[in-house]
Amino acid sequence: MFGITPSARLRPSPFYESTVAEGVQSFTTYNNMLMPTGYGDPEGEYWRLINGVSMWDVAVERQIELHGPDAGRLAQILSPRDLGKCVEGQGKYVALCNHAGTLINDPILLKLAEDRYWLSIADSNILFWARAVASERGLDVAVSEADVSPLAVQGPKAEDVVASLFGDWVRDLKYFWFSETEIDGIPVAVARSGWSKQGGFEIYLMDGSKGAGLWDRVKEAGKPFDIGPGNPNACERIESGLLSWGGDTDDATNPYEVRLGPFVDLDVADDVVGIKALRAIKAEGPKRHQLGAVLENDEPTALPAHWYDILVDGEKVGDLTNCVWSYRLKRNIGFALVSTRVKPGAEVVVHKDGWAIPAALSKLPFI
Ligand code: THG
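This text gives an overview of the structure that appears in the document. The structure displayed is predicted, hence computed values, not measured ones.

Conventions we followed
Residues numbered from 1 in each chain as written. Predicted model: local features only at pLDDT ≥ 70, side-chain atom pairs only at ≥ 80, totals over all residues. Heavy atoms only, no water. Phe/Tyr/Trp six-rings, centres within 6.5 Å; stacked < 30°, edge-to-face > 60°. Buried < 20%, exposed > 50% of the residue type's maximum accessible area, 1.4 Å probe, protein only. Helix = DSSP H or I, 4+ residues; strand = E, 2+ residues; numbered from the N terminus. Lys NZ or Arg CZ within 6 Å of the ring centre and 35° of its normal. Core = buried A, V, L, I, M, F, W, Y, C linked by side-chain atoms within 4.5 Å. Contact = heavy atoms within 4.5 Å. Pairing = 2+ DSSP bridges. Axes fitted to C-alpha atoms, helices over the stretch in contact; angles between N-to-C directions. Arc of directions from axis to C-beta. Polar contact = N/O pair within 3.5 Å; in protein donor to acceptor, adjacent residues only side chain to side chain. Near = heavy atom within 4 Å. Areas by Shrake-Rupley, 256 points an atom, 1.4 Å probe, with all protein chains shown as cover. Nonpolar A, V, L, I, M, F, W, Y, C, P; charged D, E, K, R; others polar.

Under the counting rule described, the total for this entry stands at 7 aromatic pairs. Plain terms: the ring middles of tyrosine 46 and tryptophan 47 are 4.9 Å apart, the flat faces sit at 80° to each other, and that makes the pair edge-to-face. A relative accessible area of 0% means that tyrosine 46 is categorised as buried. We classify tryptophan 47 as partly exposed; its relative accessible area is 28%. Ring centres of tyrosine 93 and phenylalanine 263 lie 5.1 Å apart, and the angle between their planes is 70°; on these two criteria the pair is classed as edge-to-face. Placement of the pair is tyrosine 93 in strand 5 (residues 91-93) and phenylalanine 263 in the loop between helix 7 (234-240) and helix 8 (275-284), with a sequence separation of 170 residues. Residue classification places phenylalanine 263 among the partly exposed residues on the basis of a relative accessible area of 22%. Ring pairing ties together the aromatic residues Tyr46, Trp47 and Tyr327, which thus form one cluster. Residue placement shows lysine 174 over the ring face of tryptophan 177; its charged tip is 4.5 Å from the ring centre.

Structure follows, in structure tokens:
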């Protein structure tokens, strides 16, 4: 269709050459990098994730490292989730908010040591944010972007692949927990995590010069399980109800609106950024909530990728923030960010660009 102009601003993934050799067909941008979005067989790539095992270049999930005596304080100040019991080797999903309680990123926080944390970020600049907050609060902590690039191995056979590479101890890892290790001199951290609900691991490569070596080893170990290349899968994540920050959120979305309330602890200290706003939002009751939308038509409908108006009796009540053909449900499904007055079961119309498609709202996840 068109090309991408190379520039020093567009940073290469350590797995880039490997994904090109695998026949990558498309990319999206994320954290000033390119992330593969397909290898030419969307349905095959989906079923491989559901039934087998798939490997993904997710180096775009950059690690913002907090290092120094105040690293733990800064992590807590940035996260309205109580980290008091978080121990070394543990990860937690956190909802980073600004002072207004607006969700500005939803990283996985990894505690490497008492004085060292990573925020494994979604697509917004948390390096600037964390540095600014650290300086304003006078904290003794260095904030940097680490040379760390996750490679995801996802699907029901992922555990067998990762265990054959690293040993059976990986089978005992709890969700979001991780351990630092190496393979043939390639330093990595192995975590049970990943942006799917099919189970799996993320191998955090800790030396960007060794991407091809790690890719080849995972591919080799995966051969008996018919591993193949894939990417964070839009269909599976929507079926599973996983949030895409920046896709399903806007500049006013708070965690309660997008089902992240369970990750907010209102009794954290008052110095946590946004906590006072979050207490007020919770007390008042959020104005919007996130539901599923099942479109009435039962043919794949290629809606352009932007938000659609959701109407009830001709009045706008919210937005459809994504839409995909579900291979398992055989319907077009998406997330609806709608007024809390509109409940699961409501009949609505999805509207824009000449489209007017009836839809039914439901609870998430779909599957
Ligand atoms: N892996 C790594 N970093 C990341 C992502 C990732 N950073 C950005 C983005 N993805 C973060 N977003 C999410 C969103 C949801 C989940 C993980 C990362 C997730 N949620 C589960 C759920 O919602 O059911 C479990 C949450 C819980 O119970 O704690 O897994 O993919 N490295």
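The next point concerns the nonpolar core. Counting 37 residues, the largest nonpolar core has Val153, Phe166, Val190, Leu214 and Val218 as its most contacted members. Mapped onto this core, the elements with two or more residues apiece are strand 2 (33-38), strand 3 (54-57), strand 11 (149-154), helix 5 (158-166), strand 13 (186-191), strand 14 (200-205) and helix 6 (211-222). For this core, the element with the highest residue contribution is helix 5, accounting for 6 residues. Not counting residues within four places of it along the chain, the set of residues in contact with valine 190 comprises Val162, Phe166, Trp169, Val170, Leu173, Trp177, Phe178, Ser179, Thr181, Phe201 and Glu202.

Below, the discussion takes up the sheet that holds strand 14. Within a sheet, adjacent strands bond to each other through the backbone by hydrogen bonds, running parallel or antiparallel. Spatially, the 6 strands line up as an open sheet ordered 12-13-14-11-3-15, and their pairing is mixed. A strand with exactly one partner marks an edge of an open sheet, and here the two such strands are strand 12 (178-183) and strand 15 (228-230). Neighbour to neighbour, the strand axes of the sheet diverge by 30° on average, direction disregarded. With 4 bridges connecting them, strand 3 and strand 11 associate as antiparallel partners. Paired with serine 54 across the two strands is glutamine 154, which belongs to strand 11. Docked against the sheet, helix 2 (residues 42-51) engages strand 3, strand 11 and strand 15, running at close to 115° with respect to strand 3. Across the sheet, helix 6 touches strand 3, strand 11, strand 12, strand 13, strand 14 and strand 15, and the angle it forms with strand 3 is around 170°.

This part takes up helix 4 (residues 126-136). Buried residues of helix 4: Ile126, Leu127, Trp129, Ala130, Val133 and Ala134, and no others. Along the axis of helix 4, the buried residues cluster in a sector spanning 165°; they form a single face. Those residues of helix 4 that are exposed and aimed more than 90 degrees away from the buried face are Phe128, Ser135 and Glu136. Where helix 4 is buried, its residues contact strand 4 (63-67), helix 3 (71-78), strand 6 (96-97), strand 7 (103-105), strand 9 (116-120) and strand 10 (142-145). Structurally, the start of helix 4 carries an N-cap: the backbone nitrogen of leucine 127 is 3.2 Å from a side-chain oxygen of asparagine 125. In the stretch just after helix 4, glycine 138 is the one whose phi turns positive, near 65°.

Here we take up the sheet that holds strand 8 (residues 108-113). Strands sit in the order 5-8-9-4-10 across an open sheet of 5 strands; the sheet is antiparallel. Edge strands, defined here as strands with exactly one partner in the open sheet, are strand 5 and strand 10. Going from strand to strand, the sheet's axes swing by 20° on average, the running direction of each strand aside. Pairing of strand 4 with strand 10 involves 4 bridges; the strand directions are antiparallel. Each bridged residue has a counterpart across the sheet, and for isoleucine 64 the counterpart in strand 10 is glutamate 145.

What follows is about the site of the ligand. Not every one of the 17 residues close to the ligand is listed here, only the nearest: Asp106, Ser120, Lys197, Glu202 and Tyr204. Here an oxygen atom of the ligand and a backbone polar atom of tryptophan 195 are 3.4 Å apart. Summarising the interface, the protein chains cover 85% of the accessible area of the ligand, which totals 660 Å² for the free molecule. Counted by class, the shell around the ligand contains 11 nonpolar, 2 polar and 4 charged residues.

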